[in-house]
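Listed here are the chains, written in short residue letters.
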Amino acid sequence: MTSVITEVPKAQGSAAPRATILRLMLGLALALTMAQLAGILPAWLHRLPQAVIPPTALFLDRVFDFVQNDLGLIYVTRFIAEGPLEFLLDTSANLLEGKRRWPNLGPIPWSATAGVAAVVGYALGGWRLAALGAGTCVWTALIGQWKMAMQTMSVLVVAAPLAFVVGLCLGIAAWKYRWFERVLKPFLSVLQTLPFFTYLLPAVIFFKVGPTAGAVATIIFAIPPMILMTTLGLKKVSHEVVEAGKMSGCTRWQMLRHVYIPAARTEILVGVNQVIMLCLAMVVLTAFIGMPGLGAKLLAMMGSFKLGRSFEIGVTIVLLAVTLDRMSKAWVVKQPQHFEKGTPWWVRHRIPLLGLAVFVGFVLLAQLFPILGSIGRKQHFSQGKEIDVVIKSFLALDGIRGVTEWLRWFLNVKVLIPFRNGMLAIPTPAFILMVVAFCYWLGGRRPAIFGAVFFSIVALSGWWDRSIITLYAVISAVALATLIGIPLGILAARSEIWSRRVLLACDTAQTFPSFIYLIPAIMLFGVNDVAVVFSVLIFATVPLTRYTVEGLRTVPPEMTEAAEMSGSTRRQKLLSVQLPLALPTMAVGFNQAIMFAFFMVIIAAFIGTQDLGQELQRTLAGTELGKNFVLGLNVSLMALTFDMAITAWAEGRKRALGLE
């Protein structure tokens, strides 16, 4: 058959030097590696000598110490932590969990919260969302986790609005002033790829251990997407809408308040959804710095290998995440309701009034029936011990144990450890040349230059071997995820029904806080490299599957019809038409999978690794801000290298296919 998709011809003058450069880089890398294996490569070419490694961490420690003590930043941050921020956190904690602080009104009965959640869910998305909101609250209370959940939510309800306000203001400034956007963009790129441990230590040092540090780390972690979505939404406001606002005589403030922000409502609310989800994910992870709540309990249960209780807490976190995600997404698509002039106020505000009535009603009922106010240890229905017995009995079955033990042995001995040792055996300059060659082949000159700079910085950090072990886990997990996610996406895309089901499953899985993925890994494989790669694999499979389905679904029908009319088989149509056209969209999935893998492999340090994540976790026990920043920057630079190369390839592919 004649291929329907033809490659855009490249200029011969540019293709030949490109191929020559690639051969030279790969040939030199291979020669250096062979010399190392033969034992004739000088030691300074295998790894940089310690004498040439700059003391970056010590220098940064002095800089941070100067800023912290000499400039007095510590006094400002401690004033904020012990003043307005602590006041807000104490207030929310008093209302939600009953902490003895002002206004001394809490805790709010769980039944009242469930009733309000049902009303809000109904207003946003109907009865199904109402049942989800109320059901999540009922589950959390009946399982005996209400207080822990409210400890988590007391930080979330403070951190999310603050992240929204700061992100919105910075997004408006970036939209208004192009120079500010250009300055801000590199910082946002780094912030979005920094591992979460890098946020925790500065928060602990500059603020207080516990909820205040957790709230600060959460706010900073959640701000970048709000900035990006605000800027994007304001840029997309149509010229006609702006002209109409100007013709009506709006001032500059009125234009922003009544024209630009309402017109960018959808993008801003998408940013709100991302802020809420990132805040929940980070609040769970702040358990590492003493933040009480569901994350701390999950960490303790997993550390003591109580899988049943871990499973229950994991379900609660997932339900909270899904509920908040569904409600915030429903808010995005729900259009504002307008009323005719003269409509009674109680009609215009019937939903808030209904919510208030339900809230007051359950508060009063809780005074008569204490079980509607709180559920104690003797009253809850937790089955953690029983679930633990079931899980351990299941894993002890001969068939299950035989499969998991064989997989653990095979992957460790035959795949992962040889692959890791092979990567570590490559000399540093040879490895950098391979990365540069990959970036040059995939994305061109600019990503190759940045790849060379970024990996050279990693080499000069003094943590090269740990960085390579981190990269080995990421590559292993993404490679295995590709073998699972892409075929699954291809199969699902053949049917509209299965496409919807798989996309729904992917959407749900993306709302899971990352800690959740550690539970099945520990259950099946214990604590070793296989468990680490398995947890990262699950996390990375989701975007690969999702964007494969979406990419194949967006292929123009006329292209597939043309292939069918030319006599193509299903396999030929897939390989020659659908996949080539879907590749730019699938590249987004690859990009996200790599970003997710870098994020998850740091979290997997909890179950035992020898990478940057383990070193980052150790820094939390001290005050080594310089080392913490250097380690986090290494992760960020490696992630940005692949991000830039894949993004450049996807943009070039879109231009070649005429999709831009």
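Note on aromatic pairs: each is described by the distance of the centres and the angle between the planes. Counted under the stated rule, the structure contains 23 aromatic pairs. Plain terms: the ring middles of F196 and F599 are 6.3 Å apart, the flat faces sit at 55° to each other, and that makes the pair tilted. You can see F196 sitting in the loop between helix 8 (178–193) and helix 9 (197–206) and its partner F599 sitting in helix 27 (residues 570–603), a full 403 residues away along the chain. For F196, a relative accessible area of 0% gives the class buried. By way of ring pairs, the aromatic residues F196, F197, Y199, F221, F288, Y517, F539, F596 and F599 are connected into one cluster.

F196, L200, F431, F455, F515 and F598 are the most contacted members of the largest nonpolar core, which totals 174 residues. When residues of this core are assigned to their parent elements, the largest contribution, 15 residues, is made by helix 7 (residues 146–176). Excluding anything up to four places from it in sequence, L200 contacts A217, M282, L285, T286, F288, I289 and L620. Within the second largest apolar cluster, 11 residues are counted, among which are I490, A563, L579 and L581.

A word on the domain arrangement of the protein. Many structure descriptions define interface size as the accessible area lost when the parts assemble. What the domain assignment lists for the protein is domain 1 (15–46 + 426–460), domain 2 (70–91 + 159–294), domain 3 (110–142 + 304–335 + 344–380) and domain 4 (396–425 + 463–660). Centre-to-centre separation of domain 3 and domain 4, based on C-alpha positions: 34 Å. The partner domain 4 presents 10 residues to the 11 residues of domain 3 that form the contact. Surface buried jointly by domain 3 and domain 4 totals about 860 Å² across both partners, of which 81% is contributed by carbon and sulfur atoms. Broken down residue by residue, the surface that domain 3 buries against domain 4 is led by L307, V318 and R326, which jointly contribute 41%. Considered class by class, the residues forming the side of domain 3 that touches domain 4 number six nonpolar, two polar and three charged.

Before going further, it helps to examine the pattern of salt bridges. With the rule as written, the count across this model stands at 17 salt bridges. Put simply, R178 and E181 hold a salt bridge, and the shortest N to O gap is 3.5 Å. Of the two residues, R178 and E181 are both situated in helix 8; the distance of three residues between them amounts to about one turn of the helix. For K392, the salt bridge is made with D388, and the minimal N-O distance between the two is 3.5 Å. In this pair, K392 and D388 both sit in helix 18 (residues 384–395), four residues apart, roughly one turn of the helix. Residue classification places D388 among the buried positions, given a relative accessible area of 14%. Through salt bridges with shared partners, a single network forms among R466, E615, R618 and K627.

Within the fold, T428 resides in helix 20 (residues 428–443). With 142 residues separating them along the chain, T428 and R570 place their C-alpha atoms 45 Å apart. Excluding its chain neighbours within four sequence positions, the residues that come into contact with T428 are L45, H46, R47, A459 and W464. Here R47 takes part through its side chain, which lies 3.3 Å from a polar atom of the side chain of T428.

Our next topic: the environment of L26. With respect to the helices and strands, L26 occurs in helix 1 (residues 12–38). When the C-alpha atoms of L26 and F438 are compared, they prove to be 9.4 Å apart, with 412 residues separating the residues in sequence.

Applying the stated criterion to the full structure yields zero disulfides. Distance from the sulfur of C137, which forms no disulfide, to the nearest cysteine sulfur (C279) is 19 Å. C279 carries a free sulfur, and the closest cysteine sulfur to it, the one in C169, is 16 Å from it. The class for C279 is buried, based on a relative accessible area of 0%.

Right, let's talk about a nonpolar patch on the surface for a bit. On the surface, a nonpolar cluster with roughly 460 Å² of combined accessible area is contributed by W406, W409, F410, V413 and V415. Take V415: it is sitting in helix 19 (residues 398–425). On the basis of relative accessibility, which here comes to 35%, the residue V415 falls in the partly exposed class.

Criteria and cut-off values
Residues numbered from 1 in each chain as written. Predicted model: local features only at pLDDT ≥ 70, side-chain atom pairs only at ≥ 80, totals over all residues. Heavy atoms only, no water. Phe/Tyr/Trp six-rings, centres within 6.5 Å; stacked < 30°, edge-to-face > 60°. Helix = DSSP H or I, 4+ residues; strand = E, 2+ residues; numbered from the N terminus. Buried < 20%, exposed > 50% of the residue type's maximum accessible area, 1.4 Å probe, protein only. Core = buried A, V, L, I, M, F, W, Y, C linked by side-chain atoms within 4.5 Å. Contact = heavy atoms within 4.5 Å. Domains from an automatic or database assignment. Buried area = accessible area lost by both parts, 1.4 Å probe. Nonpolar A, V, L, I, M, F, W, Y, C, P; charged D, E, K, R; others polar. Salt bridge = Lys/Arg side-chain N within 4 Å of Asp/Glu carboxyl O. Polar contact = N/O pair within 3.5 Å; in protein donor to acceptor, adjacent residues only side chain to side chain. Disulfide = S-S within 2.5 Å. Patch = residues over 30% accessible without salt bridge, like charges linked within 9 Å, V, L, I, M, F, W, Y side chains within 5 Å. Areas by Shrake-Rupley, 256 points an atom, 1.4 Å probe, with all protein chains shown as cover.

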